Amino acid sequence: AGLKDAWAEMSKKFRSVQTQHAHLMSLASREALNRDYVTRPEFRAIVQEEYKEVLQDHAKRLAVVEAQVHEEKQARVKLHKDVIELAAHIEEELNLTQPQVAAAHQWLQSLDARCQGQHDEVLKALKTQEEELQQAADKLRQEAKVISKNLDGETLE
């Protein structure tokens, strides 16, 4: 009895599937398909022939854009390489010039100290000469006064 009931249930489901299939097939008649879907000849006429030129233009444009992108990529890679080389060259030049700048700075400081010492010596010598000149001038004035008094005394006699 159990097997008979199972087969009865299966045949009932199978009939239901057959009925639904027949209903769907009636809906999918050639007219319905032609009305609702584009057939291959129509597809060829519309897409492959009418849009062929448009698709070719787009393909050409895409090829041009891809070429430009490739060229720009190569240019950027070259620019990046050039920037790296330039940075390395600048670093090398900086490493070479830093000791030279330090030596020049040290030389200028020693020159500055030497010049300051010479300046101090010259100022001291000038001051000494000025004092000597002042003393000589004072001495000459004193002698001039003595001579002047002597001359005044001689002219009166």
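Residues numbered from 1 in each chain as written. Predicted model: local features only at pLDDT ≥ 70, side-chain atom pairs only at ≥ 80, totals over all residues. Heavy atoms only, no water.

A. Seen up close, the overall build of the chain. From N to C terminus, the chain includes four helices and zero strands. Each helix and strand of the chain, ordered N terminal to C terminal, gives the series α-α-α-α. Counting every position in the chain, which comprises 157 residues, the buried fraction comes to 1%. Total accessible area on the chain stands at roughly 15,100 Å², and carbon and sulfur atoms take up 60% of it. (Helix = DSSP H or I, 4+ residues; strand = E, 2+ residues; numbered from the N terminus. Buried < 20%, exposed > 50% of the residue type's maximum accessible area, 1.4 Å probe, protein only. Areas by Shrake-Rupley, 256 points an atom, 1.4 Å probe, with all protein chains shown as cover.)

B. Main features of the confidence of the model for the chain. When pLDDT is averaged along the chain, the result is 87, and 85% of the positions lie at 70 or above. Ranking the helices and strands of the chain by mean pLDDT puts helix α4 (residues 52-156) first, with 91, and helix α2 (residues 30-36) last, with 67. (pLDDT = per-residue confidence, 0-100.)

C. Geometry of the pattern of salt bridges. If you walk through the whole model with that rule in mind, you get two salt bridges. With a closest N to O distance of 3.0 Å, K78 and D82 form a salt bridge. Taken together, the residues K78 and D82, both in helix α4 and four residues apart, mark about one turn of the helix. Given the relative accessible area of 32%, D82 is considered partly exposed. Its salt-bridge partner being D138, residue R141 comes within 2.7 Å of it at the nearest N-O pair. Placement of both R141 and D138 in helix α4 is noted, with a separation of three residues, approximately one turn of the helix. Given the relative accessible area of 47%, R141 is considered partly exposed. With a relative accessible area of 33%, D138 lands in the partly exposed category. (Salt bridge = Lys/Arg side-chain N within 4 Å of Asp/Glu carboxyl O.)

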